[in-house]
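Each chain is listed here by its residues.
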Amino acid sequence: MDVNVAAAAACAIAGLGVGLTASIAFRWSEREQARDRSGRGGRTSRTGGPAELDQEPALPPGVDTVLSVLRSCAIVLGEGDEVVKASSAAYAMGLVRGGRVAVDQMLSLARSTRRDGEIRQIELELTRPGTSARTAEPLAVSVRVAPLGSRLVLVLVEDRTERRRIEAIRRDFVANVSHELKTPVGALSLLSEAVADASDDPEAVQRFAGRMQVEATRLASLVQEIIDLSRVQDDQLKVDPEPVAVDELIAEAIDRCRQTAAAKQIVIAAGGTTDLYLVGNRGQLAAALGNLVENAVNYSPPRTRVALATRRISSAAALGEADGELIEISVTDQGIGISEKDRERIFERFYRVDPARSRLTGGTGLGLSIVKHVAASHRGTVSVWSVEGQGSTFTLRLPAGQAPAGGPETHAATTLPAPEARS
């Protein structure tokens, strides 16, 4: 009998041990699963510890996939304002830090939406991560907050910095164009009235008519440059490229300024390597080089020299890129030079180093901007070296092309020492 009691007791103890082991294993499995989900979603409870299985908010089916393909930054917040899900862009923009939303305005907006279920939107300016609020350009974002199910809040953040910059450029461009067109149009109006009042004075009529012709030429030049700029300002070559002879571009640029240079007794000399070719839009390249030469002539004093020089260089040495060949075209003058503060802005639209001189020469302030965009659309660069009172050197560097089939062989023949390209 004692043996039977002992056996029964042993069986009971063994059964109790198995039950306890199973219970512990089940609880351990639950905790491991909860920890795994918490690690993937970064979810915490309101007390700051790992969320329990029955307290964890789950994303509705398919939401995770949709959020991963959105262009906007996406953040999903739980009931305790914890970040349940966030895109990598949200971390890169500094919107999420330590599993929490780092922008107070966004957090306040999310709490309001959680209370009443209303969709809200706001425009904010944020400081870029790792930059100073005083020196860095602010990050302009559009924030849209909406409820996601009964327990979650979705925050979508769209970076609108580039769009705002383009809109500002467009507004400035329209304002500048309106101002520039207003000057010659107003002058033509006044001159026409003067001609009408001086109808009985042939000399006055002739003088006013000459002024009208000058203003009409200036107006036509401005309109043409606006058209040229509109064609190249997106920095993309929209036409089929073709081989373009550099010698022909230089000859055309010199011919374009020959009369103005002769009036000021300015010598235009060209030299360097001949029979070079570029690949691109011939009209745009001619306009860019013509603008550089015209600029050099206009800003040079009488009886000076403007030099054009060409050579072939390695793109690895010039741009630090993969090895290749570039054609370098330098335009050097002995003009008034450009100050350091002006050199940073001379390629901006309508910016003039000397507005008074620009009015005398008929400059529009668009020529160098066109040069910059033409260079960019042809995968090249334009740079400037200048010292006040000593002159300037503008240097175009563009990818080298091949001569058309049946064209002349490329050879080097230096007829004028190339001015040192300084940038």
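Everything discussed here concerns the structure shown above.
First, a word on scope: everything that follows refers to the structure included in this document.

Rules and cut-offs
Residues numbered from 1 in each chain as written. Predicted model: local features only at pLDDT ≥ 70, side-chain atom pairs only at ≥ 80, totals over all residues. Heavy atoms only, no water. Pairing = 2+ DSSP bridges. Helix = DSSP H or I, 4+ residues; strand = E, 2+ residues; numbered from the N terminus. Axes fitted to C-alpha atoms, helices over the stretch in contact; angles between N-to-C directions. Phe/Tyr/Trp six-rings, centres within 6.5 Å; stacked < 30°, edge-to-face > 60°. Buried < 20%, exposed > 50% of the residue type's maximum accessible area, 1.4 Å probe, protein only. Lys NZ or Arg CZ within 6 Å of the ring centre and 35° of its normal. Parallel < 35°, antiparallel > 145°, perpendicular 65-115°, else oblique. Left-handed = near helix turned anticlockwise from the far one by under 90°. Contact = heavy atoms within 4.5 Å. Nonpolar A, V, L, I, M, F, W, Y, C, P; charged D, E, K, R; others polar.

### Description of the sheet that holds strand E12 (residues 325–332)
Spatially, E9-E11-E12-E14-E13 is the arrangement adopted by the 5 strands of the open sheet, whose pairing is mixed. Both edges of this open sheet fall to strand E9 (267–272) and strand E13 (381–387), since each of them pairs with a single strand only. Direction aside, the axes of adjacent strands within the sheet are offset by 15° on average. In this sheet, strand E11 (residues 305–314) lies alongside E9 in parallel orientation, the contact comprising 6 bridges.

### Regarding the packing of aromatic side chains
Within this structure, the stated rule accounts for 1 aromatic pair. The interplanar angle of 80° and the centroid separation of 6.3 Å between the aromatic rings of Phe347 and Phe394 together place this pair among those described as edge-to-face. With a gap of 47 residues between them, Phe347 in the loop between helix H10 (340–343) and helix H11 (355–361) and Phe394 in strand E14 (residues 391–399) connect regions that are remote in the sequence. The two residues Phe347 and Phe394 agree in class, both being buried. The cationic tip of Arg207 hangs over the ring face of Phe208; the distance from NZ or CZ to the ring centre is 5.1 Å.

### Some details on the packing of helix H6 (residues 202–232) against helix H12 (residues 367–377)
Running from amino to carboxyl end, H6 crosses H12 at an angle of 25°, the nearest separation of the two axes being 9 Å. In terms of axis orientation, H6 runs roughly parallel to H12. The handedness of the crossing between H6 and H12 is left-handed. Counting all contacts with H6, which are made through Glu225, Asp228, Leu229 and Val232, the residues of H12 involved are Gly367, Ser369, Ile370, His373 and Val374. Residues that form the contact of H6 with H12 fall into these classes: 4 nonpolar, 3 polar and 2 charged.

Keep in mind these numbers describe shape, not what the thing actually does.
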